[in-house]
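# Per-entry structural report
One letter stands for each residue in the lines below.
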Amino acid sequence: MEQAPGNPQGPQDAHGGNDPSEGGNGSPRCYRHPDRATGISCTRCERPICPECMVSASVGFHCPECVRSGGGTGHAPGASRPRTVAGGALTADPRLLTKILIGVNVAVFLAVMAVGDRLVNALDMVGLAFDPGSLGLVGVAHGEWYRLVTAMFLHQQVMHIAFNMLSLWWLGPPLEAALGRVRFLALYFLAGLGGSALSYLLAAQNQPSLGASGAVFGLLGATAVLLRRLNYDMKPVLILLGLNLAFTFLWPNIAWQAHVGGLVVGAAVTYAMVHAPRGRRNAIQAAACVLALLVIVAVVWTRTVQLTG
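The rules behind these values
Residues numbered from 1 in each chain as written. Predicted model: local features only at pLDDT ≥ 70, side-chain atom pairs only at ≥ 80, totals over all residues. Heavy atoms only, no water. Core = buried A, V, L, I, M, F, W, Y, C linked by side-chain atoms within 4.5 Å. Buried < 20%, exposed > 50% of the residue type's maximum accessible area, 1.4 Å probe, protein only. Helix = DSSP H or I, 4+ residues; strand = E, 2+ residues; numbered from the N terminus. Contact = heavy atoms within 4.5 Å. Salt bridge = Lys/Arg side-chain N within 4 Å of Asp/Glu carboxyl O. pLDDT = per-residue confidence, 0-100. Axes fitted to C-alpha atoms, helices over the stretch in contact; angles between N-to-C directions. Nonpolar A, V, L, I, M, F, W, Y, C, P; charged D, E, K, R; others polar. Expected span 1.5 Å × (residues − 1). Arc of directions from axis to C-beta. Patch = residues over 30% accessible without salt bridge, like charges linked within 9 Å, V, L, I, M, F, W, Y side chains within 5 Å. Areas by Shrake-Rupley, 256 points an atom, 1.4 Å probe, with all protein chains shown as cover. Parallel < 35°, antiparallel > 145°, perpendicular 65-115°, else oblique. Left-handed = near helix turned anticlockwise from the far one by under 90°. Phe/Tyr/Trp six-rings, centres within 6.5 Å; stacked < 30°, edge-to-face > 60°. Lys NZ or Arg CZ within 6 Å of the ring centre and 35° of its normal. Polar contact = N/O pair within 3.5 Å; in protein donor to acceptor, adjacent residues only side chain to side chain.

## Here we look at the nonpolar core
The biggest cluster of nonpolar side chains holds 66 residues, and the ones touching the most others in it are Ile49, Leu175, Tyr188 and Leu219. No other element matches the ten residues that helix α7 (residues 213-229) contributes to this core. Non-local contacts of Leu175, meaning those with residues more than four positions away in its chain, are made with Gly180, Phe184, Leu187, Leu219, Ala222, Thr223 and Leu226. With five residues, the next largest nonpolar core counts Val112, Val120, Leu123 and Leu154 among its residues.

Shown next, in the form of structure tokens:
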């Protein structure tokens, strides 16, 4: 089971007035979100901006105000809609999908508490096994493909879901803000499916696994890629990643295959999303997601042939 240096005169606002974007400790702070430290500045007005506010430009990043005012690009105001570093649209609530995903996980957990093992046995990730209850075979290889997805939202223990949901709440909003909702949702599901697929391929055919850990590890890999892309300090996320991997391999009853599968798929998909050239960004991002899905399908098909051939 997955058990998983500031200006002493005070910086000036390029659009008039004092810029509140520098914290009391001298660290640059996003001018729209003063509680968020950042190392990125708008290439036009030079105000600090966080990943949620930055708009990808041909050179560097622009703040939403510079984009809306035309930003000296020759376009009329409003001609360019503010976009995230990955090309997604800026949203009023960058935590919406994260909250929905947490809500779905919690709802399924409450259903498990109410129904019991019967629901777990019907939805967990298992390759091929004999079910004494139905006196028949169950599992992905038996045609129950939905288990690759349902297992991503399934938890049995309070500590298991608490750890996964806290991790999702910590990792999700910054990624949702930086990637945009559509890309974030694609990342989450592809990472979760990647974890299920690798678990299906490498784990014992009758070994069940469940939990959002594969998707969460995908978000962790995505965070590392995004921080590297933005030239942020990598030490905290690398330390966190190392601790989680150590926990994965040293703690008993952990489906390490799901963790590694989610991590690899999440990092690969995010790399394509944040490094795609602006002119062909949407096409390359879509192609990367389709390619990741095809690889997952190929892994599942290969294992199914092994178990049923």
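Still more ground to cover, so stick around.
## Side note on the pattern of salt bridges
What the rule picks out here adds up to five salt bridges. In this structure, Arg47 engages Glu65 in a salt bridge whose closest nitrogen and oxygen atoms are separated by 3.9 Å. Linking Arg47 in the loop between β1 (40-41) and β2 (48-49) with Glu65 in helix α1 (residues 64-68), this pair joins segments that are 18 residues apart in sequence. Judged by relative accessible area, which is 3%, Arg47 ranks as buried. Relative accessible area serves as the criterion here: at 24%, Glu65 is assigned to the partly exposed category. Salt-bridge contacts for Glu176 lead to Arg181; the nearest nitrogen and oxygen are separated by 3.9 Å. The exposure class of Glu176 is buried, given its relative accessible area of 2%. Under the relative-accessibility criterion, Arg181 is labelled partly exposed at 27%.

## Looking at the confidence of the model for the protein
Here the protein averages 85 in pLDDT, and 85% of its residues register 70 or above. Scored below 50 in pLDDT, residues 72-79 shows seven contacts in the model against residues more than four places distant or in partner chains.

## Observations concerning the packing of helix α2 (residues 96-115) against helix α6 (residues 181-202)
Between α2 and α6, whose axes approach to 10 Å, the crossing angle comes to 35 degrees. Residues Leu96, Leu97, Thr98, Leu101 and Asn105 of α2 lie in contact with α6, whose contacting residues are Arg181, Phe184, Leu185 and Tyr188. Its residues placed into classes, the contact of α2 with α6 shows six nonpolar, two polar and one charged.

## Quick look at helix α8 (residues 235-250)
For α8, spanning 16 residues, the distance from its first C-alpha to its last is 22 Å, which sits close to the expected 22 Å at 1.5 Å a residue. Within the sequence span of α8, burial applies to Val237, Leu241, Asn244 and Thr248. All buried residues of α8 fall inside an arc of 70 degrees around its axis, so they share one side. Across α8 from its buried face, at more than 90 degrees, point the exposed residues Lys235, Pro236, Ile239, Leu243 and Leu250. Looking at the packing, one finds that the buried side of α8 touches α5 (158-179), α7 and α9 (256-275).

## Side note on a nonpolar patch on the surface
A surface patch of nonpolar side chains, about 440 Å² in accessible area, is lined by Leu202, Phe249, Leu250 and Trp256. Inspection of the secondary structure puts Phe249 in helix α8. For Phe249, a relative accessible area of 48% translates into the label partly exposed.

## Observations regarding the packing of α6 against helix α10 (residues 281-308)
Closest axis-to-axis distance for the α6/α10 pair is 9 Å, and the angle between their directions is 20 degrees. By the angle class used here, α6 and α10 are roughly parallel. The interaxial crossing formed by α6 with α10 has left-handed handedness. Judged by residue contacts, Arg183, Ala186, Leu190, Leu193, Gly194, Ala197, Tyr200 and Leu201 of α6 engage Asn282, Gln285, Cys289, Ala292, Leu293, Ile296, Val299, Val300, Arg303, Thr304 and Leu307 from α10. For the contact of α6 with α10, a count of residues per class yields 13 nonpolar, four polar and two charged.

## What to know about the packing of aromatic side chains
Tallied over the full model, the rule gives five aromatic pairs. A ring pair is formed by Phe153 and Tyr188, whose centres lie 6.4 Å apart and whose planes are at 40 degrees; its orientation type is tilted. Note that Phe153 is positioned in the loop between α4 (147-150) and α5 and Tyr188 in helix α6, a separation of 35 residues in sequence. Look at Phe153 and you get buried, because its relative accessible area is 9%. An aromatic cluster is present here, built from Phe153, Tyr188 and Phe189 joined pairwise through their rings. In this structure, Arg47 packs its charged tip against the face of Tyr31, placed 3.6 Å from the ring centre.

## A short note on the side chain of Glu176
In this fold, Glu176 is placed in helix α5. Separated by 2.9 Å, the side chain of Glu176 and the backbone nitrogen of Leu97 make a polar contact. Not counting the four nearest positions on each side in its chain, Glu176 is found in contact with Asp93, Pro94, Arg95, Leu96, Leu97, Thr98, Arg181 and Phe184.

## Quick word on the environment of Val295
Residue placement: Val295 occurs in helix α10. The exposure class assigned to Val295 is partly exposed, which follows from its relative accessible area of 47%. With 101 residues separating them in the primary sequence, Val295 and Gly194 have C-alpha atoms 8.8 Å apart.

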